[in-house]
Amino acid sequence: AGGVGAFIARARARVRHADTKLRTDIQALRGLAVVLVVLYHAKIGWLEAGYLGVDMFFVISGFLITSMVAGGIQRGDFSLKEFYFRRAKRLLPAAYVVFAVTALLAPWLLNQRELQDLAWQVLGAVTFTANLFLWQQTGYFDGASELKPLLHTWSLSIEEQYYLLLPGALLLLRQRRWWSA
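Reading the values: the criteria
Per-chain numbering applies: the sequence of each chain, read as written, is numbered from 1 onward. Since the coordinates come from a predicted model, pLDDT governs what is reported: local features require at least 70, and pairs of side-chain atoms require 80 or more to be given and counted, while whole-chain, interface and lining totals use all residues. With hydrogens and water stripped out, all remaining heavy atoms of the structure feed into the side-chain values. Secondary structure counts use DSSP, requiring at least four H or I residues in a row for a helix and at least two E residues in a row for a strand, with both numbered from the N terminus. Burial status follows relative accessibility: with a 1.4 Å probe on protein chains alone, a residue under 20% of its type maximum counts as buried, one over 50% as exposed, and anything between as partly exposed. Here, residues are in contact when the closest pair of their heavy atoms is within 4.5 Å. The accessible surface values rely on the Shrake-Rupley method and a 1.4 Å probe; as for residues, cover is taken only from the protein chains in view. In protein, a polar contact requires one atom able to donate a hydrogen and another able to accept it; more generally it is a pair of N or O atoms within 3.5 Å, and residues adjacent in sequence count only if both atoms are side-chain atoms. Salt bridge, as used here: a side-chain nitrogen of Lys or Arg that lies within 4 Å of a carboxyl oxygen of Asp or Glu. Fitted lines through C-alpha atoms give the axes, limited to the stretch in contact for helices. The angle between two N-to-C directions lies from 0 to 180 degrees. The scheme is simple: roughly parallel for angles under 35 degrees, roughly antiparallel for over 145, roughly perpendicular for 65 to 115, oblique for anything else. Helix crossings are classified by the rotation of the near helix relative to the far one: an anticlockwise turn of less than a right angle makes the crossing left-handed, while a clockwise turn makes it right-handed. Residue polarity is assigned by list, with Asp, Glu, Lys and Arg as charged and Ala, Val, Leu, Ile, Met, Phe, Trp, Tyr, Cys and Pro as nonpolar; anything else, Gly included, falls into the polar class. Two rings belonging to Phe, Tyr or Trp (six-membered ring only in the last case) form a pair when the distance between their centres is within 6.5 Å. Interplanar angles under 30 degrees mark stacking, angles over 60 mark edge-to-face geometry, and anything in between is tilted. Only buried Ala, Val, Leu, Ile, Met, Phe, Trp, Tyr and Cys residues count toward a nonpolar core, and they belong to the same one when joined by side-chain atoms within 4.5 Å.

For the rest of this paragraph, the subject is the overall build of the protein. Scanning the protein for helices and strands turns up seven helices and zero strands. Beginning at the N terminus, the succession of helices and strands in the protein can be written as α-α-α-α-α-α-α. Counting across all 181 residues of the protein, residues that qualify as buried make up 30%. For the protein, the proportion of contacts with a sequence separation of at least 24, taken over those separated by at least 6, is 64%. Accessible surface, the protein: about 11800 Å² in total, of which carbon and sulfur atoms supply 67%.

What follows is the structure in structure tokens.
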């Protein structure tokens, strides 16, 4: 009682119920991803690939959100309006506080050129296109990146771009195509 068919059936069952039960395996992977990123930014010499934690988090987050959206579509209770409202309610208050505090403190901490860059970073951050603005300004690992207070918003922008496109793609794509490779 195994094989590829049984594996796929179990995977589909897990995906259908992923939004209703706590997955300790996924929570452990999320924790590992956070630890990798924190240790990397703490500049612990033996850990040079801590940025892989961001990649792990993208994969985990993508899996969970895709599972939630697909499950809602399959059940017939998915709402784009509700999905985006929940995302906004969860992310925007804290994000906008960070953006505002950063903008208020910046004149005392940055020079004129850095302030000009920050203006573009804020625009990118509030429109979830920071990855595009920052890409034009500097490389993530360049020394100048230390003077970009909203540099971390590149990953949030990529995540939100995915969440903007994913539900529409799943709604437009026939469900039988979801599982084919």
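What follows picks up the thread again.
In this section: the side chain of Ser-155. Locating Ser-155 in the fold gives a position in helix H7 (residues 153–172). Of the polar contacts made by the side chain of Ser-155, one reaches the backbone oxygen of His-152; its length is 3.2 Å. Here Ser-155 is in contact with Val-54 and Phe-58, once residues within four sequence places are set aside.

A word on the pattern of salt bridges. The full count for this structure, using the stated rule, is five salt bridges. Residue Arg-75 is joined to Asp-77 by a salt bridge in which the shortest nitrogen-to-oxygen separation is 3.3 Å. Judged by relative accessible area, which is 46%, Arg-75 ranks as partly exposed.

What follows covers the packing of helix H3 (residues 52–75) against helix H4 (residues 80–109). Look at H3 against H4: their axes get within 11 Å of each other, and the N-to-C directions meet at 150°. By the angle between their directions, the pair H3 and H4 is classed as roughly antiparallel. Crossing geometry of H3 relative to H4 is assigned as right-handed. For the pair H3 and H4, contact is made by Ile-65, Met-68 and Val-69 and by Phe-83, Arg-86 and Arg-87, respectively. Partitioned by chemical class, the residues of the contact of H3 with H4 number four nonpolar, no polar and two charged.

On to the environment of Leu-132. Within the secondary structure, Leu-132 sits in helix H6 (residues 130–137). Residues Leu-132 and Ile-158, spaced 26 residues apart in sequence, show a C-alpha to C-alpha distance of 9.4 Å.

In this section: the environment of Val-98. Inspection of the secondary structure assignment puts Val-98 in helix H4. We classify Val-98 as partly exposed; its relative accessible area is 37%. On a C-alpha basis, the gap between Val-98 and Leu-150 in space is 8.8 Å, while along the polypeptide they are 52 residues apart. The contacts of Val-98, once residues within four sequence positions are left out, are Leu-150 and His-152.

Here we take up the packing of aromatic side chains. Applying the stated criterion across every chain yields a total of seven aromatic pairs. Ring geometry for Phe-78 against Phe-83: centres 5.8 Å apart, planes inclined by 50°, an arrangement best described as tilted. Accessibility expressed as a relative area gives 1% for Phe-83, which makes it buried.

Mapped onto the secondary structure, Arg-75 falls in helix H3. There is a polar contact of 3.3 Å between the side chain of Arg-75 and the side chain of Asp-77.

Moving on, we get to the nonpolar core. In terms of nonpolar packing, the biggest core is built from ten residues, these being Ile-65, Val-69, Ala-70, Ile-73, Phe-78, Phe-83, Tyr-163, Leu-166, Leu-170 and Trp-178. The element contributing the most residues to this core is H3, with four residues. Every residue in contact with Phe-83, bar those within four places of it in the chain, is listed here: Ile-65, Met-68, Val-69, Phe-78, Tyr-163 and Pro-167. Phe-99, Ala-106, Leu-110 and Leu-118 belong to the second-largest nonpolar core, a separate cluster that totals seven residues.

Don't take any of this as a statement about function, it's just geometry.
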